[in-house]
Amino acid sequence: LRRTLAGVEAEATARRRELEGKVAAEQEEQRGLQDSLRELQSMHSASYREACEGPVQQISALESSISELRHGTDSELASLRLQAEKLDRRIEGLEAEAADALGRL
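If you're wondering where the values come from, they're calculated on a predicted model, not measured in any experiment.

Let us now look at the overall build of the protein. Assigned secondary structure in the protein consists of 1 helix and 0 strands. Dimensions along the principal axes, computed over C-alpha positions, put the protein at roughly 150 × 10 × 10 Å. Across the 105 residues of the protein, 0% fall into the buried class. Accessible surface for the protein amounts to roughly 9,900 Å². Of this, 56% is attributable to carbon and sulfur atoms.

Encoded structure:
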């Protein structure tokens, strides 16, 4: 009976060690899976942030460029209008001189 009991105890001890080994391996696998999940979540978060922020930054840069172009063209247009007014006055003056010269002839 003692031998049988010792054999059962040895068998139970061996089985317990086997199960403890399996539990330890499964716990290690679980830690690995958790690490992989955290890494994927981090990558997803970075990718999502980039996907959201990238177009916003591009739009902002385009809006800034458009604003600069508008300012530049507005300034250029004002300068051209001023030149046109000066040329109109010069033309009027030259036409008046021409009329006077023709009148004297």
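Next comes the rest of the write-up.
The next subject is the pattern of salt bridges. If you walk through the whole model with that rule in mind, you get 5 salt bridges. Between Arg 15 and Glu 18 there is a salt bridge, and its shortest N-O distance comes to 3.1 Å. With Arg 15 and Glu 18 both in helix 1 (residues 2–104), this residue pair falls 3 residues apart, about one helical turn. Here Glu 18 falls in the partly exposed class, since its relative accessible area comes to 40%.

Its location among the elements puts Ala 78 in helix 1. Ala 78 sits 29 residues away from Arg 49 along the chain, and the two C-alpha atoms are 43 Å apart.

Turning our eyes to something else, we now look at a negative patch on the surface. A contiguous patch of negative charge, built from Glu 85, Asp 88, Glu 92 and Glu 95, is present on the exposed surface. Residue placement: Glu 95 occurs in helix 1. Given the relative accessible area of 54%, Glu 95 is considered exposed.

Turning next to the environment of Ala 46. As for its position among the elements, Ala 46 is in helix 1. Look at Ala 46 and you get partly exposed, because its relative accessible area is 35%. The spacing of Ala 46 and Arg 81 is 35 residues in sequence and 51 Å in space, taken between C-alpha atoms.

The rules behind the values
Residues numbered from 1 in each chain as written. Predicted model: local features only at pLDDT ≥ 70, side-chain atom pairs only at ≥ 80, totals over all residues. Heavy atoms only, no water. Helix = DSSP H or I, 4+ residues; strand = E, 2+ residues; numbered from the N terminus. Buried < 20%, exposed > 50% of the residue type's maximum accessible area, 1.4 Å probe, protein only. Areas by Shrake-Rupley, 256 points an atom, 1.4 Å probe, with all protein chains shown as cover. Salt bridge = Lys/Arg side-chain N within 4 Å of Asp/Glu carboxyl O. Patch = residues over 30% accessible without salt bridge, like charges linked within 9 Å, V, L, I, M, F, W, Y side chains within 5 Å. Lys, Arg positive; Asp, Glu negative; His and termini not counted. Charge placed at Lys NZ, Arg CZ, Asp CG, Glu CD.

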